[in-house]
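Architecture at a glance
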Amino acid sequence: DEGLAKDRLFILAAVQRNGAALAYAESSLRADPEVVLAAVQSDGTALSHAAAVLQADRNFVLSAVCRNSKAFLVVAPEWQSDYNFALDAVTRNASALPLLSPRFQEDHEFLLAALARNGDTLRYVDESFQNDQQLILSAVESDSAALRYVDETLRGDRDFVLGALQRNAEVLPYVVDTLQEDPEFMLEALRRNFWVLKNANPALRHNSGFMLKALNANKGTLQLVGSELWEDRNFVLQATKVFGEALRFASDDLQQDKAFITKVVQGNGMALPFVTNLSQNEEVALAAVRSRPEAMRYVHEDCRRSRTFILKAVSRTGASLAYVPQQFRKDREVVLAAVQNDGVALAYAAAELQSSREVALAAIERNANAAVEPSLWQERDFALAAIERNSEAVLHCPQDFQEDRGFLYYAVQRNGDALRFMDEIYRYDHALVLAAIQNDGTALRYAGEFMRQDRRFVLEALRQNAMALPYVPEEFWQDRSFLLAAARRNPEALLQVDEALRKDRNFMLAAVGERGEALASCASVLLEHQDFLLQAIEVSPEAFAHVPEDLKQDADFVLAALKRNGAALRFAAEKFRKDPAVVLAAVQRKPEALRHASEDLRHNHDFVLSAVRANGASLAHAGNEMRSNREIVLAAVRRDGVALAYASEELRGDAEVLAAAAASDASSLQYASETMRNEYENPLGSMRTGAPGSALRHIGEQLQRFVSPIRPRIQ
């Protein structure tokens, strides 16, 4: 009916049911875009019935293809073969791809461009391209759902899926479950694209352990943390260690808790900018700066203007000087405090302070690489003072200083460790190396290798400093004779040897024999055995000084020790040196023990008489007046004629004393007084020409004529 062909509403309804009906519509309606598009939606080929003006309109034709891909079949041939038109068509409607010329369907670059615009195109690509990862990744980047059309094997491929998620986090729901449930995989995915978390299992966002790992993987996950975790003290504390900004999300209660906030900034000073209620608190600010020097930039302005606060801050963290207001970098006290904490801080001081000797040396002590004014290094005294504070300063001295043996010798005398920063030639300089070791035993490790293998040199090094022992070559440690020689030179060296050797009874007795002080180096287990200690004292009286304190106060032990070696009395407690019985026991063993008795005993007539009867030679150590006492001297020479040598001049001329001495030991008459010798000048003269001792024997014979018979010598 002609009337119906012109009725727009009727035609619109008709073409919606059957697009081909457009062919029977009045020409004006076939030029109506709405009517034509309705027809195309029902039947793509209906586009062929549209007015020529619409079929020539590129945008309209693309809209038709968008409604129904089959419209592409009836577009102008020149457009069907046009690369850009074909690309636009697929962009509007992915299902148009199978309708394109095979030239486009098989063109990898075309497909790559099409998929980048419309990922859904993936389901229409030829089977030969189904597993092309480049094409798939291009598709999922534009449309995550495109992963649905990928083979399950590929959707379970860890590396491929990570690449897909990196391009589009919304791909996750289409990934195989085994990967979605793998925490390590999820963390790696988050590291590449934190938005993956938004599409992950919601439970993960509320899992504190997982979320802390997620924060380490990607800062972006901060905004995806479950809200209740920001009320968890431990979680917030750990999260802020990773990113200070995490404090911004903490609950109000935590933000107002001073103790908690202090802990937070101690863990990460860069959380300070996100402190709200306590930003002016000095304790919080100092804790933040100590953790991170650069936090000084975020300290409240009131604190930054306070000299007291700045001094506290740089004393704890010298590097914070870099961030303080300019006037404090010119403040000598502030700069000194900073460099004493961290020498690097000198670089941030004002130029006039960088050239200050005092400030520069304080900085070098902390860090030899401190930014010292170069001219200071040209001063010999400054360079030596610097090395004394920090051995590495050698490397910053002028080359002529580093090649000056005299300078280097003075340097190692001040700091032996400086040897390690010197040229190798000086490590073979015998005197220089020993000077270094004398100052610092550890310097032995920097001596030339040949010197360290030289037994005599190493022993000399140990004599200079026992602390060198840990650095002697390993083969010496196995040589007991070497270790004993080391102990002779410096007993403290034994403190450095293996404990097993210090438990060895025979070795330690031999060491004590070399130097009694070696007993101090014994393993504690040996010091628990009194028989060992007594043997040690018998070998060396000095060992007594190093026995356990309780035994030094034990009368029985002390008496036993002195019977072994009376000379040990000098190391006994005062109370024992006052005890007559103890001292007498010592004197019987060693006459010189009397020298270490108390002054009262050494001047006590009866005691000294007992002492010389026990050991005549002890007369040498009695008080002066005792050596002039005829009774005491007679007792002494009767016990040991040689004791005559210690009698007073007067008694050495006493006939009875001389006779008693001669009876004990004829050779003792050589100690007779000069007067007595002169009286028998001829016999003495004959001694010069006759047999040795003839004059003394003559004196003895003459004395026998007027001296009563000598009593038998007491055994």
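About the criteria used
- Residues numbered from 1 in each chain as written.
- Predicted model: local features only at pLDDT ≥ 70, side-chain atom pairs only at ≥ 80, totals over all residues.
- Heavy atoms only, no water.
- Helix = DSSP H or I, 4+ residues; strand = E, 2+ residues; numbered from the N terminus.
- Rg over C-alpha atoms; globule rule 2.2 N^0.38 Å.
- Buried < 20%, exposed > 50% of the residue type's maximum accessible area, 1.4 Å probe, protein only.
- Contact = heavy atoms within 4.5 Å.
- Areas by Shrake-Rupley, 256 points an atom, 1.4 Å probe, with all protein chains shown as cover.
- Lys, Arg positive; Asp, Glu negative; His and termini not counted.
- Charge placed at Lys NZ, Arg CZ, Asp CG, Glu CD.
- Polar contact = N/O pair within 3.5 Å; in protein donor to acceptor, adjacent residues only side chain to side chain.
- Salt bridge = Lys/Arg side-chain N within 4 Å of Asp/Glu carboxyl O.
- Core = buried A, V, L, I, M, F, W, Y, C linked by side-chain atoms within 4.5 Å.
- Axes fitted to C-alpha atoms, helices over the stretch in contact; angles between N-to-C directions.
- Left-handed = near helix turned anticlockwise from the far one by under 90°.
- Nonpolar A, V, L, I, M, F, W, Y, C, P; charged D, E, K, R; others polar.
- Phe/Tyr/Trp six-rings, centres within 6.5 Å; stacked < 30°, edge-to-face > 60°.
- Arc of directions from axis to C-beta.
- Parallel < 35°, antiparallel > 145°, perpendicular 65-115°, else oblique.
- Patch = residues over 30% accessible without salt bridge, like charges linked within 9 Å, V, L, I, M, F, W, Y side chains within 5 Å.
- pLDDT = per-residue confidence, 0-100.

**Comments concerning the overall build of the protein**
Within the protein, the regular secondary structure consists of 47 helices and zero strands. In summary, the protein has a C-alpha radius of gyration of 52 Å against a globular reference of 27 Å for 715 residues, an excess of more than 25%. Across the 715 residues that make up the protein, the buried fraction comes to 50%. A separation threshold of at least 6 residues defines the contact pool for the protein, and within that pool the share at least 24 residues apart is 47%. Counting every atom, the protein has about 33,800 Å² of accessible surface; 44% of that belongs to carbon and sulfur. One finds the centroid of the 80 positive side-chain charges in the protein at a distance of 7 Å from the centroid of its 99 negative side-chain charges.

**Some details on helix 16 (residues 208-217)**
Along helix 16, the residues that are buried comprise Phe 210, Met 211, Leu 212, Ala 214, Leu 215 and Ala 217. Two or three places before Gly 209, at the start of helix 16, stands the capping residue Asn 207, its side-chain oxygen 3.1 Å from that residue's backbone nitrogen.

**Some thoughts on the pattern of salt bridges**
A complete count under the given rule lists 38 salt bridges for this structure. Here Glu 283 ties to Lys 258 by a salt bridge, and the two come within 2.9 Å at their closest N and O atoms. Of this pair, Glu 283 sits in helix 20 (residues 282-291) while Lys 258 sits in helix 19 (residues 258-267), placing them 25 residues apart in sequence. For Glu 283, a relative accessible area of 44% puts it in the partly exposed group.

**Examining the nonpolar core**
Ranked by size, the top nonpolar core spans 251 residues in total, and within it Leu 47, Phe 110, Met 422 and Leu 519 carry the most contacts. For Leu 47, the residues in contact, after removing those within four places along its chain, are Val 36, Val 40, Gln 55, Phe 60, Val 61, Ala 64, Ala 71, Val 74 and Val 75.

**What about the packing of helix 36 (residues 530-539) against helix 38 (residues 555-564)?**
Put simply, helix 36 and helix 38 touch, their axes get as near as 8 Å, and they point 35° apart. As helix 36 packs across helix 38, the resulting crossing turns out to be right-handed. Of helix 38, the residues touching helix 36 (which contributes Gln 530, Leu 533, Leu 534, Gln 535, Ile 537 and Glu 538) are Phe 557, Ala 560, Ala 561 and Arg 564. Taken together, the residues of the contact of helix 36 with helix 38 break down into six nonpolar, two polar and two charged.

**Quick word on the packing of aromatic side chains**
Taken as a whole and assessed by the stated rule, the structure comprises 12 aromatic pairs. Here Tyr 83 and Phe 104 contribute two aromatic rings whose centre-to-centre distance is 6.1 Å and whose plane-to-plane angle is 75°, an arrangement assigned as edge-to-face. Of the two residues, Tyr 83 is situated in helix 8 (residues 83-92) and Phe 104 in helix 9 (residues 102-105); the sequence distance between them amounts to 21 residues. Residue classification places Phe 104 among the buried positions, given a relative accessible area of 0%.

**A look at the environment of Gly 163**
Within the secondary structure, Gly 163 is located in helix 13 (residues 158-167). Its relative accessible area of 11% is what places Gly 163 among the buried residues. In sequence terms Gly 163 and Ser 598 are 435 residues apart; their C-alpha atoms lie 94 Å from each other. If sequence neighbours within four positions are ignored, Gly 163 has contacts with Leu 137 and Arg 192.

**Topic: the side chain of Asp 440**
By the element assignment, Asp 440 lies in the loop between helix 29 (430-439) and helix 30 (449-452). One buried charged side chain, Asp 440, makes no salt bridge at all; its nearest oppositely charged neighbour is Arg 445, positioned 6.3 Å away.

**Here's the deal with helix 2 (residues 8-17)**
Of the residues making up helix 2, those classed as buried are Ile 11, Leu 12, Ala 14 and Val 15. On an axial view of helix 2, the arc spanned by its buried residues comes to 165°, and they lie on one face. Turned more than 90 degrees from where helix 2 packs its buried face, Leu 9, Gln 16 and Arg 17 sit exposed.

**Section: the packing of helix 2 against helix 4 (residues 33-42)**
Look at helix 2 against helix 4: their axes get within 7 Å of each other, and the N-to-C directions meet at 20°. One finds that helix 2 runs roughly parallel with respect to helix 4. The two elements helix 2 and helix 4 cross, and the hand of that crossing is left-handed. Contact residues: Arg 8, Ile 11, Leu 12, Val 15, Gln 16 and Arg 17 in helix 2; Glu 34, Val 35, Ala 38, Ala 39 and Ser 42 in helix 4. By residue class, the composition of the contact of helix 2 with helix 4 is six nonpolar, two polar and three charged.

**Side note on the environment of Arg 380**
Along the polypeptide, Arg 380 turns up in helix 26 (residues 380-389). Its relative accessible area of 32% is what places Arg 380 among the partly exposed residues. When the C-alpha atoms of Arg 380 and Cys 397 are compared, they prove to be 8.9 Å apart, with 17 residues separating the residues in sequence. The residues touching Arg 380, leaving out its near neighbours within four places in the chain, are Phe 401, Asp 404, Gly 406, Phe 407 and Tyr 410.

**What to know about the side chain of Asn 218**
With respect to the helices, strands and loops of the structure, Asn 218 is situated in the loop between helix 16 and helix 17 (233-242). Within the structure, Asn 218 has its side chain in polar contact with the backbone oxygen of Leu 190 (distance 2.9 Å). The contact partners of Asn 218, leaving out residues within four places of it in the chain, are Leu 190, Arg 191, Asn 193, Phe 194 and Phe 243.

**What about the environment of Ala 560?**
For Ala 560, the position within the fold is in helix 38. A relative accessible area of 27% places Ala 560 in the partly exposed class. Measuring from C-alpha to C-alpha, the distance between Ala 560 and Ala 418 comes to 51 Å, with 142 residues separating the pair along the chain.

**Focus: a negative patch on the surface**
Together, Glu 228, Glu 231, Asp 232, Asp 252 and Asp 253 give the surface a local cluster of negative charge. With respect to the element layout, Asp 232 can be found in the loop between helix 16 and helix 17. Owing to a relative accessible area of 31%, Asp 232 belongs among the partly exposed residues under this scheme.

**Let's talk about the confidence of the model for the protein**
Predicted coordinates in areas of low pLDDT are best not read in detail. The pLDDT averaged across the protein works out to 89; a share of 94% of its residues lies at or above 70. In the predicted structure, residues 681-695 sits below a pLDDT of 50 and forms 10 contacts with residues beyond four places in sequence or in another chain.

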